[in-house]
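# An overview of the molecular structure
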Amino acid sequence: MSQQPKPKLESIRPSVDSAKTIVDPRSRPLESPEKAVRPGESLLRVEVLTGPMDGFMHFCAKQELVIGRSSAADMILELDTRVSGAHARLFQEKGLIWLEDLGSTNGTFVGAERLTTKIPISAGVQFTVGRTLLEVLADQGGN
């Protein structure tokens, strides 16, 4: 498995200043998020590709990640006013990553298709919530 380049701090600084990133309490510093998980677990990485919080990246070792504008969400996209409080969720089940809209006002889209039910997605799939384009990557942990 090849190492991905670490994001430059300058590129995520505006988002870090205005948003809260929650990392599983078992984690170590973000310089090595892979060490936050045990062998056999997955580290869920979600990156904002475009939108008001462009460059923001979220790491999560939990089995579920709620994306929304509310402070109760795991990945908070507070600068996108078209994102609902609890907009969508990613969760891992039986070795698959699933994406589900949580009844948001503006919908969750994969390409031009609005989600009407949960769907399995693979690493690298891009999806849209509000005006924000996200990409999900899952890595095996325990390095």
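Higher on the page you've got the structure.
Computed from a predicted structure; not experimentally measured.

### Brief notes about the overall build of the chain
Along its length, the chain carries one helix and eleven strands. Ordered by position in the sequence, the α and β elements of the chain form the string α-β-β-β-β-β-β-β-β-β-β-β. In the chain, which comprises 143 residues, the share counted as buried stands at 41%. Excluding contacts between residues fewer than 6 apart, the proportion of contacts in the chain whose partners are at least 24 apart in sequence is 47%.

### Thoughts on the pattern of salt bridges
A side chain of one charge can pair with a side chain of the opposite charge when the charged atoms of the two come close. Tallied over the entire structure, the rule returns four salt bridges. We note a salt bridge from arginine 89 to glutamate 64, for which the minimum N-O separation is 2.2 Å. Remark: glutamate 64 occurs in strand β3 (residues 64-68) and arginine 89 occurs in strand β5 (residues 88-93); sequence separation between them is 25 residues. Bridged by salt links that share partners, the residues Glu64, Arg89 and Glu100 form one connected network.

### Focus: the sheet that holds β5
Each strand in a sheet pairs with another by means of backbone hydrogen bonds, the pair being arranged parallel or else antiparallel. With mixed pairing, five strands are arranged side by side in an open sheet as β4-β3-β5-β6-β9. Of all strands in the sheet, those with a lone pairing partner are β4 (75-76) and β9 (119-121), marking the two edges. Pairing of strand β6 (residues 96-101) with β9, which is carried by three bridges, proceeds in the antiparallel orientation. Bridge pairing in β9 places tryptophan 98 opposite proline 120.

What counts, and where the lines are drawn
Residues numbered from 1 in each chain as written. Predicted model: local features only at pLDDT ≥ 70, side-chain atom pairs only at ≥ 80, totals over all residues. Heavy atoms only, no water. Helix = DSSP H or I, 4+ residues; strand = E, 2+ residues; numbered from the N terminus. Buried < 20%, exposed > 50% of the residue type's maximum accessible area, 1.4 Å probe, protein only. Contact = heavy atoms within 4.5 Å. Salt bridge = Lys/Arg side-chain N within 4 Å of Asp/Glu carboxyl O. Pairing = 2+ DSSP bridges.

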